[in-house]
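Each chain, letter by letter, is given below.
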Amino acid sequence: MKKILIALLTIISFSCQAQKTEKYNLGFENQKEKKTLSDGWFKWGNYELTIDATAHSGKKSGKITSDQTGSSFGSIAYKIPANYVGKRIKLKGYMKIQNVENGFAGLLLRVDGNVSTLAFDNMQNQNVSGTKDWQKYSITLDYPEEAENIFIAGILSGKGEAWFDDFTLSIDGKNIQTLKEVEKELSKAQLDKEFDNGSSIELSNLTSQNIENLELLGRVWGFLKYHHPEIAKGNYNWDYEFFRFLPKYIVVKNNIERDKLIINWINSLGELEKCTKCKSTDEDALIKPDLKWIDKQDELLKGKLLYVYSNRSQEKNFYVSMNQGVGNPDFKNENPYSSMSYPDDGFRLLSLFRYWNMINYFFPYKHLMDDDWNSKLSEYLPLFLNAKNELEYEMATIQIIGDIHDTHANLWGGADKIDEWKGANYSPVHVRFIENQLVVTDYYNEELKNQVGLEIGDIITKVNDVPIETIVKEKSKYYPASNQPTRLRDISADLLRSNSNTIEIEFVSGNSNSQTKTLKLYPKDSLDIYRGYRKSNDKSFKILDNNIGYVTLQNIKEEDISKIKREFEDTKAIIIDIRNYPSTFVPFSLGSYFVSSSTPFVKFTNGNVYNPGEFTFTSNLEIPSQGKTYRGKLVVLVNELSQSQAEYTSMAFRAGDNTTIIGSTTAGADGNVSTIMLPGGLRTMISGIGVNYPNGGETQRIGIVPDIEVKPTIEGIRKGKDELLEKAIETIMKE
């Protein structure tokens, strides 16, 4: 026994020693001060963080506690310098949860570089909630070449408790604790810091000639950025070269002087080697590079620009690449200049030029815009340059974003002044536009129902004595969307917001006359606001009357799919509700249940880094048949809440042998998103690939067109009906 005890003590001693020699404290064991978190760990978010004795192994774990029911989160995080190379990065760790509700718990892995997030996952789509003992979880992501920092964390959203322990990080299967670090060589562009604190450029009282000249410069600057080989190599910080060139350019006296200055600028970049790899634009390309603006220039400048095009870069581009396996653009090395909340004249002009050119060369839906994108540079130059403060700059930015008509495109980060303008306090009721009127459809928190003084189905007609239609008309340009139903969806969420604690509303209840009341507002964190519909932790599938299966994708889990196939095999029909955002990706795993043979359902368009502005179709992608095929009818429910992955999933189900889609216009924004960073720390996105039916039919802006159009009515809302679901059952029972 004594020998065994000595052996155990030796093992324990060795384990402790091994823990101490590890580079990173990923097991939470090292803690210098009891009042702080374990060494290296820090707080993200709002929840309470502690180091707890309930551990998976060892003596300590990280714990997050929350009694909040709103949309906040808490994370216990650890930062690791990305001094490693590889293709794939994997985070593994153990998690225990107790009474997690109105949210989720998970591991978090984020890779940052070029002052932006390059890769991210927090397990939200796995919908881990409830109470679970210690279990092992993992996240795997592509590891970007531009990685500078790696963040790992445990995260809790909603209410409950979560413990985290024994994190392991690996790159290409090798533990980062023992993986050799490398010293990454910085490019010339990254070493250029001259204008980090401002451009020192002032532009005011611009003449029409100044505007015309700046429009041309914006085109030339962007054209060279994505075509010239020396810029593509990262030999120039192209933002800062713009600032060096602009002071000389803005004072040119005529077009001859202007063109000569541009030509000399291009010549200063170095001699171009003859391109032997440059291919002509594909004749079958859906979108072809627009070089008409070059043809309009005088001969010398035209010749110089066309020569650059003919000998354009055919290697990696420092500023853009196409994501492997998907084909959406990855805009790299784009400094957001986050420390400049209100960028100076030069940086605001840079913001416009950066965005316009990204859209011009890499947005797959440029051909679907209402207006000619070529007109937008001159239109927005005064708006950006005359923006007198941070709010006006953010509003100018969101307006041009709105002009691309993409629901994925909005200001998703950095727009704090617009958020203040909308209001910090929220209504306790959820409202939607039903039959062109703003209607109360739900309560965010059931416990507030009796305090609100509004009933489901009440119609709100005025806010602070201003008619709803007037507010919508004034604010529409600040709500980017692919189509009007989706714009109204997004506006409705903000119509009752204010920085005051109350607002005055006028409303109609039932058949009564118009009434007025003071509506109390609440901070967002105190309300259970979630994606425009009530978050549910219920089981994702059930059997309805008449032997009809019902599935909602908002909380479906991977393990549910085999159960659905087994339990619904003999049902009369299945209704799949996608009036939500799917919590799990199911187009193939569940979609295959409804096809008897492999069936094409989608094809994509991808851009081309080697010929910017060209978009070509991929081959059709098919839903494979996998074993038994469901024999009954499939009905899919959609509306304006069905967006992106929800729309893609609907396309997959539409390929089924016996599918009917019921509902109304979806959001019309499909395809993997690409992030765009703009000066002032602004973050927006675009739909980065074109998503089309196998026959080439568009889905962007149009959305998923239902076979049977059904919209909710005010009367139905008041009676508590789900009219789309009722129509689905009626359609099934007719057969």
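Before going into details, it helps to say that this report is about the structure given with it. (Residues numbered from 1 in each chain as written. Predicted model: local features only at pLDDT ≥ 70, side-chain atom pairs only at ≥ 80, totals over all residues. Heavy atoms only, no water.)

Below, the discussion takes up the overall build of the chain. Tallying secondary structure elements over the chain gives 19 helices and 31 strands in all. Principal-axis analysis of the C-alpha atoms gives the chain an extent of 85 × 75 × 60 Å. Split into buried and exposed, the 735 residues of the chain put 55% on the buried side. The contacts of the chain with a sequence gap of at least 6 include a subset with a gap of at least 24, amounting to 74%. (Helix = DSSP H or I, 4+ residues; strand = E, 2+ residues; numbered from the N terminus. Buried < 20%, exposed > 50% of the residue type's maximum accessible area, 1.4 Å probe, protein only. Contact = heavy atoms within 4.5 Å.)

Mapped onto the elements of the fold, W134 is located in strand 7 (residues 130–142). Along the primary structure W134 and F604 are separated by 470 residues, whereas in three dimensions their C-alpha atoms are 42 Å apart. Every residue in contact with W134, bar those within four places of it in the chain, is listed here: T54, A55, H56, S61, Y94, M95, K96, W163, F164 and D165.

Attention shifts here to the packing of aromatic side chains. Enumeration over the complete set of coordinates arrives at 43 aromatic pairs. Where W44 meets F151, the ring centres are 5.3 Å apart and the plane angle is 40 degrees; that geometry is what we call tilted. Taken together, the positions of W44 in strand 1 (residues 41–45) and F151 in strand 8 (residues 149–171) put the pair 107 residues apart, joining distant regions of the chain. Take F151: its relative accessible area is 9%, and that puts it in the buried class. (Phe/Tyr/Trp six-rings, centres within 6.5 Å; stacked < 30°, edge-to-face > 60°.)

Here we take up the pattern of salt bridges. All chains considered together, the criterion is met by 37 salt bridges. Taking the shortest distance from any N to any O, the salt bridge between K63 and E161 comes out at 2.9 Å. With K63 in strand 3 (residues 61–66) and E161 in strand 8, this pair connects stretches of sequence that are 98 residues apart. When the shortest N-O distance is used, the salt bridge between K376 and D403 registers 3.2 Å. In this pair, K376 is assigned in helix 10 (residues 376–385) and D403 in the loop between helix 11 (390–402) and helix 12 (416–422), connecting sequence segments 27 residues apart. Judged by its relative accessible area of 3%, K376 is buried. (Salt bridge = Lys/Arg side-chain N within 4 Å of Asp/Glu carboxyl O.)

The strand order across the open sheet built from six strands is 20-21-22-26-27-31, with neighbouring strands paired in mixed fashion. What marks the edges here is a single partner per strand, and that holds for strand 20 (541–544) and strand 31 (708–709). Direction of pairing for strand 21 (residues 548–552) relative to strand 22 (residues 573–577): parallel, over a ladder of five bridges. Across the sheet, T552 pairs through a bridge with D577, a residue of strand 22. The strands touched by helix 16 (residues 558–567) are strand 20 and strand 21; relative to strand 20, the strand with the most contacts, the crossing angle is about 20 degrees. Contacting strand 20, strand 21, strand 22, strand 26 (633–638), strand 27 (659–663) and strand 31, helix 19 (residues 723–733) crosses the sheet at an angle of about 160 degrees to strand 26. (Pairing = 2+ DSSP bridges. Axes fitted to C-alpha atoms, helices over the stretch in contact; angles between N-to-C directions.)

Read these as layout, nothing more, since geometry by itself doesn't imply function.
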